[in-house]
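Structural description and commentary
Okay, here's what each chain looks like letter by letter:
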Amino acid sequence: MSQSSPQPERSRPGRPAARRQDAQPARPVPEPLDVTSAPDTVRASDAEREAVVERLRIASVEGRLTFEELTERTEAAYAAVSRGDLEHITADLPGMGAPGACPAPIQVKRRFSAVMGDCKERIAGRIDGPLEAVSVMGDVELDLRGAQVTTGEVLITATAVMGDVKIIVPDGVSVELSGHNFLGDRKVNVRDPLPGARVPVVRVNATAVMGDIKIVDDEHHAPVRRAIAEWWKGRDGRR
């Protein structure tokens, strides 16, 4: 019986070299990011935001920021996305360890009252203690936006008897209202701060007897005037 001779092995056709190279194109290696020269491209961490908030608090204690500025910048710090945003918030503040500035004079007058009349006060001094507002058949208006608050907290006792007490606070503060009312109203009309944000606090112990006590922020104090101002600012930007 004859044996069949072995068949020659067939060579398998391979892909052309050019096609193999095209199938796996060379990928460029990204260059490392220089975080010192491009802070706008580096995202900020929670720890960095808290550090900026603490720096703002110290600047307020030193008399460099008003209550309104402290609140605005604190809110901006918590909303910051990049390191560049945080640097912009503190760009006009000196570095840590710089000699402290002279704080504003202390707010000597702490009791504001109106009996069958009006009392309007825009506080620009340094608040180192609790304030008191009393209205008896009159109107009392306290504006805290220009004050200096070294502790980040303001305590107010408000009493309205057949009268009105209005307290104006900066946008973004946290307001805590306590007390009671009899045939009267106690209202808080402020924008809620960011959840978890360590913002300045205004605590009001309010007693209303046939009267009204209102705590409003800058946004709700004069909405019409604010809307006109924003419209005019946008109009100037389009020129």
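If you're wondering where the values come from, they're calculated on a predicted model, not measured in any experiment.

About the thresholds
Residues numbered from 1 in each chain as written. Predicted model: local features only at pLDDT ≥ 70, side-chain atom pairs only at ≥ 80, totals over all residues. Heavy atoms only, no water. Pairing = 2+ DSSP bridges. Helix = DSSP H or I, 4+ residues; strand = E, 2+ residues; numbered from the N terminus. Axes fitted to C-alpha atoms, helices over the stretch in contact; angles between N-to-C directions. Contact = heavy atoms within 4.5 Å. Polar contact = N/O pair within 3.5 Å; in protein donor to acceptor, adjacent residues only side chain to side chain. Core = buried A, V, L, I, M, F, W, Y, C linked by side-chain atoms within 4.5 Å. Buried < 20%, exposed > 50% of the residue type's maximum accessible area, 1.4 Å probe, protein only. pLDDT = per-residue confidence, 0-100.

What follows covers the sheet that holds strand S11 (residues 201-209). Hydrogen bonds between backbone atoms are what pair the strands of a sheet, whose relative direction is either parallel or antiparallel. If you trace the five strands from one edge of the open sheet to the other, you get S1-S4-S7-S11-S9, paired in parallel fashion. If you trace the sheet from one side to the other, it starts and ends with strand S1 (111-115) and strand S9 (174-182), each paired once. Between one strand and the next, the sheet's axes are offset by a mean angle of 10°, whatever the strand orientation. Where strand S4 (residues 131-136) lies against strand S7 (residues 153-161), six bridges are found, and the strand directions are parallel. In the strand pairing of S7, Leu131 is matched with Ile156.

A few words on the environment of Asp143. Tracing the sequence through the fold places Asp143 in strand S5 (residues 139-143). Taking the C-alpha atoms as reference points, Asp143 and Asp217, separated by 74 residues in sequence, lie 9.6 Å from one another. Ignoring any residue separated from it by four or fewer positions in sequence, one finds Asp143 in contact with Glu121, Arg122, Ile123 and Ile168. Polar contacts involving the side chain of Asp143 include one to the side chain of Arg122, which spans 2.5 Å.

Take the nonpolar core next. In this structure, Leu144, Val154, Val169 and Val202 are the most contacted members of the largest nonpolar core, which totals 29 residues. If you list the elements that add at least two residues to this core, you get S1, S4, S5, S7, strand S8 (164-169), S11 and strand S12 (212-217).

Below, the discussion takes up the confidence of the model for the chain. Per-residue confidence for the chain gives a mean pLDDT of 81; residues scoring 70 or more make up 73%. Looking across the chain, the model is least confident in helix H1 (residues 17-23), with a mean pLDDT of 50, and most confident in S4, with 97.

Here five strands make up an open sheet; going across it, the order is S2-S5-S8-S12-S10 and the pairing parallel. On the outer flanks of this sheet lie strand S2 (118-122) and strand S10 (185-189), each paired with one strand and no other. Each neighbouring strand pair of the sheet contributes to a mean axis angle of 5°, computed without reference to strand direction. The pairing of S5 with S8 spans five bridges and is parallel. Within S8, the residue paired with Leu142 across the bridge is Ile167.

For the rest of this paragraph, the subject is the pairing of S4. Strand direction decides the pairing type here: S1 and S4, joined by five bridges, are parallel. Residue Val115 lies in a different strand from S4, and its bridge partner there is Val136.

Let's shift gears to the environment of Glu176. Here Glu176 lies in strand S9. Among the polar contacts listed, one links the side chain of Glu176 to the side chain of Arg203, at a separation of 2.8 Å.

This paragraph deals with unusual backbone geometry. At Met137, a position not held by glycine, the phi torsion is positive, near 55°. By secondary structure assignment, the location of Met137 is in the loop between S4 and S5. The residue Met210 is not glycine, and still its phi comes out positive at about 55°. Topologically, Met210 is positioned in the loop between S11 and S12.

The next point concerns the side chain of Thr74. Relative to the helices and strands, Thr74 resides in helix H3 (residues 67-79). Thr74 gets classed as buried once you look at its relative accessible area, which sits at 2%. For Thr74, the contacting residues outside a window of four places in its chain are Val53, Leu56, Arg198 and Val199.

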